Amino acid sequence: IMAELTEFMDREKLWQVDGKARYFDLPELDQRYKSFGRCYLISSNGYTTYAYRDVAARLEWARTYGIETAITITDKNQAHNFDQAFSIIRYLASQAAFAKTFGTSTVTLLQTGELIHIGYGFLSLTTGKMSTREGNILPLTALVAEATAAARDQIMRRDVGLSATELERRAGVVAVASLKWADLNRDPVTDVILDPAQITAFEGNTGTYQLYAYARLRSVLRKANATSTATPKFSELSESERQLLQRLYSFPAAVTLVSESFRLNLICEHIGALTTEVSRWYEANPILKEANDARRATMLVICALVCDQLRQGLDLLGIEVLEEL
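Below is a short write-up of the structure.

What counts, and at which threshold
- Residues numbered from 1 in each chain as written.
- Predicted model: local features only at pLDDT ≥ 70, side-chain atom pairs only at ≥ 80, totals over all residues.
- Heavy atoms only, no water.
- Helix = DSSP H or I, 4+ residues; strand = E, 2+ residues; numbered from the N terminus.
- Rg over C-alpha atoms; globule rule 2.2 N^0.38 Å.
- Buried < 20%, exposed > 50% of the residue type's maximum accessible area, 1.4 Å probe, protein only.
- Areas by Shrake-Rupley, 256 points an atom, 1.4 Å probe, with all protein chains shown as cover.
- Lys, Arg positive; Asp, Glu negative; His and termini not counted.
- Charge placed at Lys NZ, Arg CZ, Asp CG, Glu CD.
- Pairing = 2+ DSSP bridges.
- Axes fitted to C-alpha atoms, helices over the stretch in contact; angles between N-to-C directions.
- Salt bridge = Lys/Arg side-chain N within 4 Å of Asp/Glu carboxyl O.
- Left-handed = near helix turned anticlockwise from the far one by under 90°.
- Contact = heavy atoms within 4.5 Å.
- Nonpolar A, V, L, I, M, F, W, Y, C, P; charged D, E, K, R; others polar.
- Phe/Tyr/Trp six-rings, centres within 6.5 Å; stacked < 30°, edge-to-face > 60°.
- Polar contact = N/O pair within 3.5 Å; in protein donor to acceptor, adjacent residues only side chain to side chain.
- Expected span 1.5 Å × (residues − 1).

## Section: the overall build of the protein
Right, so step 1: When its secondary structure is counted, the protein shows 14 helices and eight strands.
Right, so step 2: Against the compact-globule benchmark of 20 Å for 325 residues, the protein has a radius of gyration of 27 Å, which places it well outside the compact range.
Right, so step 3: Structurally, the protein occupies a C-alpha span of about 85 × 50 × 30 Å along its principal axes.
Right, so step 4: In the protein, which comprises 325 residues, the share counted as buried stands at 44%.
Right, so step 5: Within the structure as shown, the protein displays about 17,100 Å² of accessible surface, and the carbon and sulfur contribution to it stands at 52%.
Right, so step 6: Here the protein contributes 35 positive and 39 negative side-chain charges, whose respective centroids are spaced 0 Å apart.

Below is the structure:
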């Protein structure tokens, strides 16, 4: 595809030529690209650039595989490269000669499809930025092992009677949940400093806290032997419970927004707000001590609804829940 595309653009004189170098001055193509500057596709030494390979790759994906939406995930420092590459793709797709050479169906995909770059921030350790050159790295296996050790320590402080097998099972689930939450619970472009001891804490906005909030509500339902998921009686709802239900009902909108923006942190924000709100409500309303049967039943239904949504939300993030923690 690279040779074919190079021959086409040379023949049609679509790019600027300077010796072996080939480039586009993007502001001259469209004023919308005035901040994108000059983009070299072939260097003065005759080597193809990252931008050119990105252009060629998306052309190949559209022509050969019929891909409508191409999503690329890199660090945020590559944003300018993809801005340039995508602007060149849109320019080429607008040229009649391009459609004649590469096909109208390819042009349609490139014009109506989506070219998406998701830029992520850097992951650093408490010892500083990771660097293979300086030896400051932490392989994923070592990171999971460190998080597991931190989770094990946290769990042992709360439950000394666990068997070794159950302790390891819970520690493994908590470690992975904590790492995933720390990574996803942020705007993708922000940087994050990873501290295993902090991210496995039972308090604060951590993955462990989300698991704990779920397990605590599940414990209430087990003790009450509650299985009903009937609709709560409106007359029995307090103001805080109405707000809880409103938050539950807003979940589909949050999921839709994630699918449109590719920002999984929006699900984390929803779940985090839900666990904070339900924990505050739980502390103020001792469910199992409630003497009014109708009121108690309504509170248990709310518990069940919240549990269901927490499990669904965490599942979307690839996080397993624990029935006890």
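## Some remarks on the sheet that holds strand 1 (residues 16-18)
Strand pairing in a sheet takes place through backbone hydrogen bonds and is either antiparallel or parallel in direction.
Right, so step 1: One open sheet holds the three strands; their spatial order is 1-2-3, and the pairing between them is antiparallel. Looking at which strands have only one partner, the edges of the open sheet turn out to be strand 1 and strand 3 (38-42). Direction aside, the axes of adjacent strands within the sheet are offset by 35° on average.
Right, so step 2: Across four bridges, strand 2 (residues 21-25) lies against strand 3 in antiparallel orientation. Pairing of Tyr-23 across the sheet is with Tyr-40, part of strand 3.

## Overview of the pattern of salt bridges
Right, so step 1: The full count for this structure, using the stated rule, is 22 salt bridges.
Right, so step 2: Note that Asp-183 is salt-bridged to Arg-186, the shortest N-O span being 2.9 Å.
Right, so step 3: A salt bridge links Arg-222 to Glu-323; the shortest N-O distance between them is 3.9 Å. One end of the pair, Arg-222, is in helix 10 (residues 207-223); the other, Glu-323, is in the segment after helix 14 (293-316), with 101 residues separating them in the sequence.
Right, so step 4: Arg-222 sits in the partly exposed class, given a relative accessible area of 39%.

## Details of the packing of helix 10 against helix 14
Right, so step 1: For the pair helix 10 and helix 14, interaxial distance at closest approach is 9 Å and the crossing angle is 145°. Helix 14 is crossed by helix 10, and the crossing has left-handed handedness. The residues of helix 14 that touch helix 10, namely those facing Gln-210, Leu-211, Tyr-214, Leu-217, Arg-218, Val-220 and Leu-221, are Leu-300, Cys-303, Ala-304, Val-306, Cys-307, Leu-310, Arg-311 and Leu-314.
Right, so step 2: When its residues are assigned to classes, the contact of helix 10 with helix 14 shows twelve nonpolar, one polar and two charged.

## Here's the deal with the side chain of Gln-210
Right, so step 1: Its location among the elements puts Gln-210 in helix 10.
Right, so step 2: Each residue touching Gln-210, except ones within four places of it in the same chain, is listed here: Trp-181, Asn-205, Ile-271, Gly-272, Thr-275 and Leu-314.

## As for the packing of aromatic side chains
Within a pair of aromatic rings, the relevant descriptors are the distance that separates the centres and the angle that separates the planes.
Right, so step 1: Under the definition given, this model contains eight aromatic pairs.
Right, so step 2: Summarising the aromatic geometry, the rings of Phe-8 and Phe-98 are spaced 5.8 Å apart at their centres and angled 70° between planes, so their arrangement reads as edge-to-face. Within this pair, whereas Phe-8 is found in helix 1 (residues 2-12), its partner Phe-98 is found in helix 5 (residues 96-102), the two being separated by 90 residues in sequence. In this pair, the class of Phe-8 matches that of Phe-98, namely buried.
Right, so step 3: Here the aromatic rings of Phe-98 and Phe-102 are separated by 4.7 Å at their centres, their planes lie at 35°, and the arrangement is tilted. With Phe-98 and Phe-102 both in helix 5 and four residues apart, the pair spans about one turn of that helix. Exposure class is identical for Phe-98 and Phe-102. Each is buried.

## Thoughts on the side chain of Thr-275
Right, so step 1: As for its placement among the helices and strands, Thr-275 is situated in helix 13 (residues 265-284).
Right, so step 2: Only 2.7 Å separates the side chain of Thr-275 from the side chain of Gln-210, close enough to count as a polar contact.
Right, so step 3: Filtering out sequence-adjacent residues up to four positions away, Thr-275 remains in contact with Tyr-209, Gln-210, Ala-213 and Leu-310.

## Some remarks on helix 14
Right, so step 1: The end-to-end C-alpha distance of helix 14, which contains 24 residues, comes to 35 Å, matching closely the 34 Å that a straight helix rising 1.5 Å per residue would cover.
Right, so step 2: Sitting at the amino-terminal end of helix 14 is Asn-292, which places a side-chain oxygen 3.0 Å from the backbone nitrogen of Ala-294.
Right, so step 3: Looking one or two residues past helix 14, Gly-318 carries a phi angle of roughly 75°, positive in sign.

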